[in-house]
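Topology and contacts: notes
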Amino acid sequence: MCGIVGYTGPRAAPETLIGNLRRLEYRGYDSAGIAVVVDGSLQSLKLPGKVQTLADRVAVEWTGTPAEGSRCGIAHTRWATHGPPTEANAHPHFDASGRLALVHNGIIDNYADLRRQLEARGHVFRSDTDTEVLAHLLGSLGFADDPIGALCAALRQVEGTLGIAIVHADRPGRIWVARRGSPIVIGVGEAETLVASDAAAIVAHTNRVIYLDDDDIAELSAGSIEVRTAHNTPVSRTVSQVDWDVRAAEKGGFEHFMLKEIFEQPESLENSMRGRLDPAAGTAKLGGLAMTPREIADVRRVVLVACGTSLHAGMVGRLYFEDLADLPAAVEQAAEFRYRNPILSPRDLVVAISQSGETADTLAAVREARQKGAALCGICNVVGSTIARETGRGVYLHAGPEIGVASTKAFTSQVAVLLMMALKFGRCRRLSREAGTEIIEQVHALPGLVRRVLELNERVARAAASLADARDAFYIGRGLLYPVALEGALKLKEISYLHAEGYHAAELKHGPIALLDPSVPVVALALDVPGRDKMIGNIQECRARGAPVIAVVTEGETTIGGIAQETIELPRCAPLVSPVVAAVAMQLLAYHVARLRGCEIDQPRNLAKSVTVE
Ligand code: F6R
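Criteria and cut-off values
- Residues numbered from 1 in each chain as written.
- Predicted model: local features only at pLDDT ≥ 70, side-chain atom pairs only at ≥ 80, totals over all residues.
- Heavy atoms only, no water.
- Phe/Tyr/Trp six-rings, centres within 6.5 Å; stacked < 30°, edge-to-face > 60°.
- Buried < 20%, exposed > 50% of the residue type's maximum accessible area, 1.4 Å probe, protein only.
- Helix = DSSP H or I, 4+ residues; strand = E, 2+ residues; numbered from the N terminus.
- 1 Å grid on protein atoms, 1.4 Å probe; cavity = no way out; pocket = protein on both sides within 12 Å on 5 of 7 lines; lining within 4 Å.
- Points joined across faces, edges and corners; volume = space filled by probe spheres on them.
- Pairing = 2+ DSSP bridges.
- Axes fitted to C-alpha atoms, helices over the stretch in contact; angles between N-to-C directions.
- Contact = heavy atoms within 4.5 Å.
- Domains from an automatic or database assignment.
- Buried area = accessible area lost by both parts, 1.4 Å probe.
- Salt bridge = Lys/Arg side-chain N within 4 Å of Asp/Glu carboxyl O.
- Polar contact = N/O pair within 3.5 Å; in protein donor to acceptor, adjacent residues only side chain to side chain.
- Nonpolar A, V, L, I, M, F, W, Y, C, P; charged D, E, K, R; others polar.
- Near = heavy atom within 4 Å.
- Areas by Shrake-Rupley, 256 points an atom, 1.4 Å probe, with all protein chains shown as cover.
- Sits in = over half its atoms within 2 Å of the grid points.

**Concerning the packing of aromatic side chains**
Enumeration over the complete set of coordinates arrives at 4 aromatic pairs. Taking 5.7 Å as the distance between ring centres and 35° as the angle between the ring planes, the aromatic pair formed by F254 and F263 counts as tilted. Classification of F263 as partly exposed rests on a relative accessible area of 25%. Taking 5.5 Å as the distance between ring centres and 85° as the angle between the ring planes, the aromatic pair formed by F321 and F425 counts as edge-to-face. Remark: F425 occurs in helix α13 (residues 409-427) and F321 occurs in helix α9 (residues 308-325); sequence separation between them is 104 residues. For the pair shown, F321 and F425 are each scored as buried.

And the structure:
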């Protein structure tokens, strides 16, 4: 969603800020803006549209002016929430004096009340945004004279989420940042300081970063970083090392980030598994879980909460926990969780699954679970993310940065981590060492299996041609492959804009089969795993209605080949790891359909990489 960058140091701020802003484009946005401090005044430009358009305007209007050489500024990409993507609504926003510029991620829930109060005192607003209210509020609280005092006072008044960066014309070379529920990362450079809402924006400059805690405020200059709490108490925050470099956030010769990330999966899976499997003991070592065998044995139920693709991984995880750990498991849409009355106890373990670690609904579910006294843990990819911090313990994916908006490598790593977690839980309960060791062999085989699926790229690209002209499609599966059918359909929808429905293969005849005809292709996940025999019947049902079937089968399959229009043969694999093997083929299929349809694959319309609003 929205992205923030800031810079203070010896280099030209406009160029640095725009370069860093480009690295946040993947998050999805609809307008962009920049403000720099020049000779005791502010220069700013903002507009609806792309960062490139902003860069062009900056080149035309600022080249040869003092703004070009400014050493300090902030910039933003906005994903519209309050008000349409217009120039007026784009960030930065300004206070009443026009000397304070602010960029903001998150939502100020009580902005309407604050706006009314400020309007009553003569403030005039130029935008529909909640952010402009915050800028005026800070100005009215005396930011010009006492920035930290004004920030502390503002944090007491605002409700909602914020990650902000501010510059002021009176204080060249300084940036103020604050966070509450929306990430702010400070990059510690050589005589320069950078700010971003996402480390991907600044790793090209430094891999030494400080992740602010909630309600932290910081005053930054090129050579100093002073962090305080919202009560104005100085605190020290540790400098962490980002363990991936700028290449991980670049395309590396691939046409799209999505394709690069699909092809990275043998390595990302290896990274998720590294040092975590103990074949001799037949179990997994997940130190971050921080649970003793006794505590694990005491868990009465696992509740997996997540959204979107992560929810689909959770659906696979649920089957793992039931199967390997004999443990009741539920999977819950995070968006609904706190609006029901979930029955939770301290013996329920709520597992929040989130690539970004910032998804608003998943975070709210974590808070609801904590409120109800449940035990918590997270499965996140982004280190230091809000969900990772608020759950306090869990398992990182270590899949590396995921830039493509459509989640790919995070899904397969989530499934692998859930499998390892269920294995560990199983070993603390009823699973034998031999059974554990066998599962470890299956997990170890995964990177190799995925490599073999990737070798089928051309084959999948050919199959994509039979989907590309359709208006509607169905994806069907059973058991462990049912969540993959949902995920395959989601991938297709989001990047190719082709309407696709994921269905349990048996559910098709309870209604949606009415939609089948020769113009509606069906992708049938029919690997040689439990459920295959029933899938054959379901494929026949589709064919009988004239629907073309693309069947995803295990190599050597003979029966289904004679029924389906097309078959994609995947390597033979153990049932437990089949969701990963099938998912990679589904990712490739969606990618090639989107490519054939000429879609903007890495930044699909209306979508954002991390969904920080409810
Ligand atoms: C789909 C996709 C989304 C995310 C969802 C949750 O490709 O990426 O459905 O899975 O927004 O995001 P995280 O995992 O960051 O919580």
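**So, the layout of surface pockets**
Empty space among the atoms can be located by rolling a probe the size of a water molecule over them. Size it by volume and the largest pocket reaches roughly 840 Å³. What lines the largest pocket is a set of 41 residues, among which W244, N381, G400, P401 and E402 lie closest to the centre. For the lining of the largest pocket, the elements supplying multiple residues, two or more each, are β15 (240-241) and α7 (265-273). With 3 residues, the single largest contributor to the lining of the largest pocket is α7.

**A word on the sheet that holds strand β26 (residues 549-554)**
Taken in spatial order, the 5 strands make up an open sheet running β24-β23-β25-β26-β27, and their pairing is parallel. Each edge of the sheet is formed by a strand with only one pairing partner; in this case those strands are β24 (499-504) and β27 (566-570). On average, each strand axis in the sheet is tilted by 20° relative to the strand beside it, whichever way the strands run. Strand direction decides the pairing type here: strand β23 (residues 472-477) and β24, joined by 6 bridges, are parallel. By the bridge assignment for β24, D472 is matched with H499. The strands that helix α17 (residues 482-496) touches are β23, β24 and β25 (522-526); relative to β24, the one it contacts most, it runs at about 175°.

**Examining the domain arrangement of the protein chain**
Looking at the assigned domains, one finds that the protein chain contains domain 1 (3-246), domain 2 (257-444) and domain 3 (457-596). Between the C-alpha centres of domain 2 and domain 3 there is a distance of 26 Å. Each partner contributes residues to the interface: domain 2 has 25 residues there, and domain 3 has 21 residues. At the boundary of domain 2 with domain 3, total buried surface from both sides reaches about 2,000 Å², with 79% on carbon and sulfur atoms. Considering only the surface of domain 2 that becomes buried against domain 3, M258, H312 and Q442 emerge as the three largest contributors, covering 23% of it. Our count for the domain 2 to domain 3 interface comes out at 0 salt bridges. Where domain 2 packs against domain 3, one counts 7 residue pairs in polar contact (both at pLDDT 80 or more). In terms of residue class, the side of domain 2 that touches domain 3 is made up of 16 nonpolar, 8 polar and 1 charged.

**Quick word on the site of the ligand**
Close contacts around the ligand come from 14 residues, with S310, S354, S356, T359 and E494 the closest. Between Q355 and the ligand, the recorded distance is 2.7 Å, taken from a backbone N or O atom to an oxygen atom. Between the ligand and E494 there is a distance of 2.5 Å, counted from an oxygen atom to a side-chain nitrogen or oxygen. For the ligand, whose accessible area on its own is 400 Å², the fraction buried by protein is 90%. The pocket occupied by the ligand, as judged from atoms lying within 2 Å of grid points, is the second largest pocket. Elements supplying a minimum of two residues to the shell around the ligand: α9 and α17. The element best represented in the shell around the ligand is α9, accounting for 3 residues. Here the residues of the shell around the ligand sort into 4 nonpolar, 8 polar and 2 charged.

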